[in-house]
Amino acid sequence: MPPLLQVTGISKRFGGLHAVRDLSLEMARGEVLGLIGPNGAGKTTAFNLLSGFLTPDQGAVRFDGHSLAGLKPHAICGLGLVRTFQIVRPFPHLSVLDNVRVGALARRPLMAEAREMARAVIDRVGLGAKTDQAAAGLTLPERKRLELARALATEPTLLLLDEVMAGLNPTETAGIVGLIQRINESGVSILLIEHNMRAVMTLSHRIAVLNFGEKIVEGPPAAVANHPRVIEAYLGEEYVHPPAR
Amino acid sequence: MKWLGAAALGVLLLLPAVLNSYAVTVFIFIFFYAFLGQAWNIVGGYAGQLSAGHAAFVGIGAYTSAVLSVQAGLTPWVGMLVGGLLSAVLGTVVGYLGFRFGLRGFYFVLLTVAFAEVCRFVALNTDAVGGALGYYITFTGNPWQFQFQDNRVYYYVALGLMLIATGIVAAIERRRFGAYLIAIREDESACEALGVNTFRYKMLAMIVSSFLTGVGGTFYAFYLFSLQPGAVFGIPLSVEIIIRPIVGGAGTVMGPILGSFILSPLAEASRIYFGQGGWAGAHLIAYGLLLIAVVLFLPQGAYPALRRLWARAAR
């Protein structure tokens with residue numbers, strides 16, 4: 001079976017900055033791939049390239065048998081690849097239900113059907129009590145769940161989650177981890193940008209590490225966590241080869 | 001709420017029986033500007049794309065049906081559709097330029113204003129449509145030529161236009177189209193990520209809006225019988241179109257109607273009052289003050305505020 005997602009040598013430059021350099025990735029169906037790396041490593045740029053918000057200068061992305069070259073984000077969503085935003089972007093004046101319904105309408109053009117679908121998704125992410133509340137009044141953890149619910153309502157095959165746990169306390173994080181696991185078990189593949197190491201180690205089947213726009217290591221969580229290049233990227237060279245006293 | 005609407009409609013249908021001709025005229029302006037506001041509401045209120053050049057569509061619709069009627073004898077009942085279609089074509093062009101190249105906020109406002117100004121200059125310098133002298137329709141009182149001896153016929157036509165536009169807006173609001181437009185107004189990038197073809201829906205909104213506005217042009221032409229480029233394409237008319245839905249509640253079905261019931265009589269009253277004292281145009285100062293008050297105290301417009309009051313009273 002061909003991979004669900006096949007990224008071949010994509011690059012993106014912003015002036016003198018090489019935000020993503022010759023990045024290649026593959027994801028199998030049903031997989032959870034963690035994408036980690038220090039701040040500024042190019043993770044969010046990579047997401048923007050995959051989801052159509054940016055166009056790669058070089059390289060190609062294939063998803064589920066389709067080339068994504070030249071496709072707009074809405075068309076890529078239509079193929080089943082959906083992203084969330086690191087800085088959540090709820091529709092502030094709309095209720096939680098109406099927010100999620102916008103996502104549900106992608107595959108269910110009838111308002112009543114989309115509303116039912118949205119209700120089901122809202123319950124699934126644990127926002128049931130907030131269904132009729134305006135999104136502007138939600139707390140940050142609730143907004144993160146809303147962001148997730150909206151994306152989920154489009155019925156994706158691959159979900160790109162950009163730091164859905166940032167700013168959450170350990171209890172809230174554990175809740176989201178469980179939720180993401182259940183989403184994955186329902187058959188949705190997940191590409192995850194995350195700074196919370198414990199969460200990303202728990203969730204990911206494989207992890208890819210970016211640094212200065214390049215993939216430096218890729219492999220199973222345990223191997224990646226102890227890899228010298230990863231420690232170097234995060235903590236600096238002296239932690240890999242402790243200087244002699 | 002339903003019976004309230006039905007009762008209001010019943011009153012409006014019976015009103016001409018008791019009103020004098022001048023009061024009928026005031027209501028005609030209320031309905032007509034509510035209609036134009038409703039047409040603008042689709043793209044400006046729901047989709048949040050602030051077109052400040054909607055007068056251009058009135059002008060195109062007005063000149064089209066007037067010229068077709070005077071030169072070719074085509075009935076304005078058909079001419080209004082031709083004018084609407086021509087406006088929609090120009091709306092498509094403006095929408096394409098604005099949306100394809102991602103002009104948002106002020107830049108879209110400037111584009112639409114510039115477009116209307118270009119139309120005004122073209123009309124001013126085209127002798128075939130009277131140029132700066134304007135274009136005049138001779139009154140014959142022939143209903144087939146959209147001309148009526150009795151002011152009350154215009155009343156019902158204007159009321160009909162307002163109701164049709166309101167019905168269209170209500171239908172849009174209940175469908176995916178409307179839900180998408182509102183979401184586009186809230187956050188375009190989030191919409192794209194959720195599978196909304198924002199370009200297509202903004203274009204559709206612009207096309208429906210410019211078509212309806214163009215249809216309104218015919219009413220303008222055959223109610224006033226004279227078209228002046230500065231009046232039908234000018235910025236003041238664009239402001240008149242925009243200000244009612246904003247005061248009443250942009251992006252709501254009832255907003256433009258409520259806004260027009262507030263502002264049209266006010267404009268009429270101040271025109272008479274200030275006009276007599278040699279203060280013509282002072283109603284624009286009143287508009288300015290009212291707009292400031294609305295922005296400060298009712299940023300979503302009068303209708304949403306009224307609904308909140310209603311809900312509180314019902315509790």
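Keep in mind that this is a model prediction, so the values were computed, not measured.

1. A word on the overall build of chain B
Right, so step 1: The helix and strand inventory of chain B stands at 14 helices and 2 strands.
Right, so step 2: A compact globule built from 315 residues would reach a C-alpha radius of gyration of about 20 Å, and chain B, at 19 Å, matches this within 12%.
Right, so step 3: In terms of principal-axis extent, the alpha carbons of chain B reach across some 55 × 45 × 40 Å.
Right, so step 4: Put simply, of all contacts in chain B between residues at least 6 apart along the chain, 76% involve residues at least 24 apart.

2. Let's talk about the overall build of chain A
Right, so step 1: The secondary structure content of chain A amounts to 9 helices and 10 strands.
Right, so step 2: The C-alpha atoms of chain A give a radius of gyration of 18 Å, which matches the 18 Å a tight globule of 245 residues would have.
Right, so step 3: Put simply, 63% of the contacts in chain A that link residues at least 6 apart link residues at least 24 apart.

3. Here we look at unusual backbone geometry
Residue and element names in this part refer to chain A.
Right, so step 1: Unusually for a residue other than glycine, E163 sits at a positive phi of about 50°.
Right, so step 2: If you trace the backbone, E163 turns up in the loop between strand 7 (158-162) and helix 6 (170-185).
Right, so step 3: According to the C-beta neighbour criterion, E163 is buried, with 21 such atoms within 10 Å.
Right, so step 4: Of note, the phi angle at F212 is positive, near 45°, even though the residue is not glycine.
Right, so step 5: In this fold, F212 is placed in the loop between strand 9 (206-211) and strand 10 (214-219).
Right, so step 6: For F212, a count of 16 C-beta atoms within 10 Å puts it in the partly exposed group.

4. Observations regarding the packing of helix 3 (residues 55-72) of chain B against helix 4 (residues 76-100) of chain B
Residue and element names in this part refer to chain B.
Right, so step 1: The interhelical angle for the contact between helix 3 and helix 4, taken along N-to-C directions, is 140°, at an axis separation of 8 Å. The orientation of helix 3 with respect to helix 4, classified from their angle, is oblique. Considering only the axes of helix 3 and helix 4, their crossing is right-handed. On helix 4, the residues that touch A56, F57, I60, G61, T64, S65, L68 and S69 of helix 3 are P76, G79, M80, V82, G83, G84, L86, S87, L90 and G91.
Right, so step 2: Residues of the contact of helix 3 with helix 4, tallied by class, amount to 9 nonpolar, 9 polar and no charged.

5. Looking at the sheet that holds strand 3 (residues 32-36) of chain A
Residue and element names in this part refer to chain A.
Right, so step 1: One open sheet holds the 6 strands; their spatial order is 6-7-8-3-9-10, and the pairing between them is mixed. The open sheet terminates on both sides in strands that have one partner only, identified here as strand 6 (81-83) and strand 10. Direction aside, the axes of adjacent strands within the sheet are offset by 15° on average.
Right, so step 2: The pairing of strand 9 with strand 10 spans 5 bridges and is classified as antiparallel. Bridging from a neighbouring strand, A208 pairs with E218 of strand 10.
Right, so step 3: Sitting on the sheet, helix 1 (residues 43-51) touches strand 3, strand 6, strand 7, strand 8 (189-193) and strand 9, and the angle it makes with strand 7 is about 150°.

6. With respect to the pairing of strand 2 (residues 17-27) of chain A
Residue and element names in this part refer to chain A.
Right, so step 1: In this sheet, strand 2 lies alongside strand 1 (residues 5-14) in antiparallel orientation, the contact comprising 7 bridges. Across the sheet, residue F14 finds its bridge partner in strand 2, namely L17.
Right, so step 2: Between the antiparallel neighbours strand 1 and strand 2 lie 2 residues, among them G15 with a positive phi of about 60°.

7. With respect to the nonpolar core
Right, so step 1: A149 and L192 of chain A together with F31, F35 and A158 of chain B are the most contacted members of the largest nonpolar core, which totals 162 residues.
Right, so step 2: With 14 residues, the top contributor of residues to this core is helix 2 (residues 21-46) of chain B.
Right, so step 3: Apart from the residues within four sequence positions on either side, F31 of chain B is in contact with A158, L159, L161 and M162 of chain B.

8. Some words on the environment of E218 of chain A
Residues and elements named next belong to chain A.
Right, so step 1: By the element assignment, E218 lies in strand 10.
Right, so step 2: The class for E218 is partly exposed, based on 18 C-beta atoms found within 10 Å.
Right, so step 3: On a C-alpha basis, the gap between E218 and K130 in space is 40 Å, while along the polypeptide they are 88 residues apart.
Right, so step 4: Beyond its immediate sequence surroundings of up to four residues, E218 is in contact with R206 and A208.

9. Topic: helix 6 of chain A
All names here are of chain A.
Right, so step 1: Given a rise of 1.5 Å per residue, 16 residues ought to cover 22 Å, and the 22 Å separating the end C-alpha atoms of helix 6 matches this to within 8%.
Right, so step 2: Of the positions making up helix 6, those classed as buried are T173, I176, I180 and I183. Mapping the buried residues of helix 6 onto a view down its axis gives an arc of 80°, with all of them on the same face. With respect to the buried face of helix 6, the exposed residues turned more than 90 degrees away are P170, T171, R182 and E185.
Right, so step 3: For helix 6, the secondary structure elements touched by its buried residues are helix 5 (140-153), strand 7, strand 8 and helix 7 (197-203).
Right, so step 4: Positive phi appears at G187, one or two residues downstream of helix 6, with a value of about 110°.

10. A look at the pairing of strand 9 of chain A
All names here are of chain A.
Right, so step 1: The pairing of strand 3 with strand 9 spans 4 bridges and is classified as parallel. Counted as the bridge partner of L35 is A208 from strand 9.
Right, so step 2: Here strand 9 hands over to strand 10 after 2 residues, with F212 in that stretch at a positive phi of 45°.

11. Things to note about the sheet that holds strand 4 (residues 58-63) of chain A
Residues and elements named next belong to chain A.
Right, so step 1: Spatial strand order, 2-1-4-5: 4 strands in an open sheet with antiparallel pairing. Taken across any chain shown, the strands that pair with only one partner, and hence form the sheet edges, are strand 2 and strand 5 (66-67).
Right, so step 2: Strand direction decides the pairing type here: strand 4 and strand 5, joined by 2 bridges, are antiparallel. Residue F63 lies in a different strand from strand 5, and its bridge partner there is H66.
Right, so step 3: Packed on one face of the sheet, helix 1 meets strand 1, strand 2 and strand 4 and runs near 60° to strand 2.

12. Points about the confidence of the model for chain B
Right, so step 1: Chain-level statistics for chain B give a pLDDT mean of 91 and a share of 99% at 70 or above.
Right, so step 2: Among the prediction metrics, the complex's ipTM stands at 0.90, with pTM recorded as 0.91.

13. What about the confidence of the model for chain A?
Right, so step 1: Of all residues in chain A, 96% attain a pLDDT of 70 or more, and the chain-wide mean is 91.
Right, so step 2: By mean pLDDT, helix 9 (residues 228-235) of chain A is the weakest element of chain A at 81, and helix 3 (residues 96-104) of chain A is the strongest at 97.

14. A few points about the environment of L90 of chain B
Residues and elements named next belong to chain B.
Right, so step 1: In this fold, L90 is placed in helix 4.
Right, so step 2: With 33 residues separating them in the primary sequence, L90 and F57 have C-alpha atoms 8.0 Å apart.
Right, so step 3: If near-sequence neighbours (up to four positions away) are discounted, L90 is found in contact with A56, I60 and S210.

15. Some words on the environment of A19 of chain A
Residues and elements named next belong to chain A.
Right, so step 1: Mapped onto the secondary structure, A19 falls in strand 2.
Right, so step 2: For A19, a count of 22 C-beta atoms within 10 Å puts it in the buried group.
Right, so step 3: Between the alpha carbons of A19 and F53 there is a distance of 14 Å; along the sequence they are 34 residues apart.
Right, so step 4: The residues touching A19, leaving out its near neighbours within four places in the chain, are K12, R13, F14, G42, T45 and G213.

Reading the values: the criteria
- Residues numbered from 1 in each chain as written.
- Chains lettered and ligands numbered in written order.
- Predicted model: local features only at pLDDT ≥ 70, side-chain atom pairs only at ≥ 80, totals over all residues.
- Helix = DSSP H or I, 4+ residues; strand = E, 2+ residues; numbered from the N terminus.
- Rg over C-alpha atoms; globule rule 2.2 N^0.38 Å.
- Contact = placed C-beta atoms within 7 Å.
- Buried ≥ 20, exposed ≤ 12 C-beta atoms within 10 Å, placed from the backbone.
- Axes fitted to C-alpha atoms, helices over the stretch in contact; angles between N-to-C directions.
- Parallel < 35°, antiparallel > 145°, perpendicular 65-115°, else oblique.
- Left-handed = near helix turned anticlockwise from the far one by under 90°.
- Nonpolar A, V, L, I, M, F, W, Y, C, P; charged D, E, K, R; others polar.
- Pairing = 2+ DSSP bridges.
- Core = buried A, V, L, I, M, F, W, Y, C linked by C-beta atoms within 7 Å.
- Expected span 1.5 Å × (residues − 1).
- Arc of directions from axis to C-beta.
- pLDDT = per-residue confidence, 0-100.

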